[in-house]
Amino acid sequence: GLDPETNYYFAIKSSDNVGNPSSLSNSATGETGKVTVVFEDGAETSASEDLWTRDAPWARTSEDASPADATIPLAGDWSWTDSPGGSYENGVNTSMTSNVIGLLGVSSAILQFDHRYDIEAGWDYGYVEISTDGSTWTELEVYTGTQSSWTSNSIDLGAYDDQPGVLIRFRLAT
């Protein structure tokens, strides 16, 4: 990605179908905006447990955390799991919900997280959801099947900019 609060300059040079190059286009300038973190949890300390309301069996684990490499920007030694120590049970609807996150004055909000999953495809589902009142939930993303390696995901929350408070929920339904 691009660095925040940085000027970037763009120009284009192209070739036609027989390889004749064009001259360099006029340049354009763009500046990336400031990034303000309003909620952050790397699950790295027990203080993370105070940031979430969790149904059983959600827990922090060091059994299988996100690797520290350049492709996984949120890497660490700990992670959250819906099934610590093994596979999840059948017939569960379990979730982990954030504390209220204030988005007043926020522009172009984004939720970013690392994840991997092994969910019975077409039968069981992992959901990322958002609520402004804790009662009505809107699906942001749905996962089923297998993503065996850690990957980063970003979800646009711009529709919730300037909300006094939102809740983010990770939910497993089997």
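Now for a look at the structure at hand. All chains use their own residue numbering, which begins from 1 and follows the written sequence. Selection of residues for local features in this predicted model requires a pLDDT of at least 70, selection of side-chain atom pairs for listing and counting requires 80 or more, and totals for whole chains, interfaces and linings are taken over all residues. The basis for every side-chain value is the complete set of heavy atoms in the structure, and neither hydrogens nor water enter the calculation.

## Looking at the sheet that holds strand S3 (residues 52–54)
So, point 1. Spatially, the five strands line up as an open sheet ordered S3-S6-S11-S8-S9, and their pairing is antiparallel. Each of the sheet's edge strands pairs with one partner strand only, and the pair in question is S3 and strand S9 (138–143). Looking at each pair of strands side by side, their axes are set apart by 20 degrees on average, direction ignored.
So, point 2. Between any two strands, at least two bridges found by DSSP are needed for them to pair. Counting from the N terminus, the helices are DSSP H or I runs at least four residues long and the strands are E runs at least two residues long. In this sheet, strand S11 (residues 167–173) lies alongside strand S8 (residues 125–131) in antiparallel orientation, the contact comprising seven bridges. Residue pairing for S11: Tyr127 is matched across the bridge by Arg171. An axis is simply a line fitted to the C-alpha atoms; with a helix, the fit covers only the stretch in contact. Between two such axes, the angle follows the N-to-C directions and lies from 0 to 180 degrees.

## Some words on the nonpolar core
So, point 1. Judged by nonpolar contacts, the single largest core of 24 residues is most densely connected at Leu103, Leu111, Phe113, Val128, Leu157, Ile168 and Phe170.
So, point 2. Secondary structure elements with two or more residues in this core: strand S7 (110–119), S8 and S11.
So, point 3. The leading source of residues in this core is S7, at four residues. For our purposes a nonpolar core is just a set of buried Ala, Val, Leu, Ile, Met, Phe, Trp, Tyr and Cys residues, chained together by side-chain atoms within 4.5 Å. Burial here depends on accessible area, computed with a 1.4 Å probe over protein chains only, as a share of the maximum for the residue type. Under 20% is buried, over 50% is exposed, and the range in between is partly exposed.

## Observations concerning unusual backbone geometry
With glycine set apart, most residues show a phi of negative sign, and most peptide bonds adopt trans.
So, point 1. Ala56 connects to Pro57 through a cis peptide bond whose omega is 10 degrees.
So, point 2. As for its position among the elements, Pro57 is in the loop between S3 and strand S4 (59–61).
So, point 3. Of note, Ser108 is a non-glycine position whose phi angle comes to about 60 degrees, a positive value.
So, point 4. Along the chain, Ser108 falls in the loop between strand S6 (93–98) and S7.
So, point 5. With phi around 70 degrees, Asp162 is a residue other than glycine that occupies positive phi space.
So, point 6. If you trace the backbone, Asp162 turns up in the loop between strand S10 (145–156) and S11.

## Section: the side chain of Arg171
So, point 1. Counting through the fold element by element, Arg171 comes out in strand S11.
So, point 2. Arg171 gets classed as buried once you look at its relative accessible area, which sits at 16%.
So, point 3. At 2.8 Å, the side chain of Arg171 and the side chain of Glu129 are in polar contact.
So, point 4. Apart from the residues lying within four places of it in its own chain, the contact partners of Arg171 are Asn93, Thr94, Ser95, Tyr125, Gly126, Tyr127 and Glu129. As used in this structure description, the phrase polar contact means that two N or O atoms lie within 3.5 Å; if the pair is within protein, one of them must be able to donate a hydrogen and the other to accept it, and residues adjacent in sequence are counted only when both atoms belong to side chains. By definition in these notes, contact holds between two residues if any of their heavy atoms fall within 4.5 Å.

## Focus on the packing of aromatic side chains
So, point 1. Note on aromatic pairs: the rings of Phe, Tyr and Trp (six-membered ring only in Trp) are paired at centre separations within 6.5 Å, and the planes decide the class, stacked below 30 degrees, edge-to-face beyond 60, tilted for the rest. Under the counting rule described, the total for this entry stands at five aromatic pairs.
So, point 2. Ring centres 5.5 Å apart and planes at 90 degrees place the aromatic pair Phe39 and Trp52 in the edge-to-face group. Linking Phe39 in the loop between strand S2 (28–31) and S3 with Trp52 in strand S3, this pair joins segments that are 13 residues apart in sequence.
So, point 3. Relative to Tyr127, the ring of Tyr125 has its centre 6.2 Å away and its plane inclined at 40 degrees; by these criteria the two rings are tilted.
So, point 4. Pairwise contacts between aromatic rings join Phe39, Trp52, Phe113 and Phe170 into one cluster.
So, point 5. Put simply, a charge is over a ring when the Lys NZ or the Arg CZ is close to the ring centre, within 6 Å, and near the line of the ring normal, within 35 degrees. Over the face of the ring belonging to Trp78 we find Arg60, whose NZ or CZ atom lies 4.1 Å from the ring centre.
So, point 6. Lying over the aromatic face of Trp137, Arg169 brings its terminal NZ or CZ to 4.0 Å of the ring centre.

On their own, these measurements won't tell you what the molecule is for.
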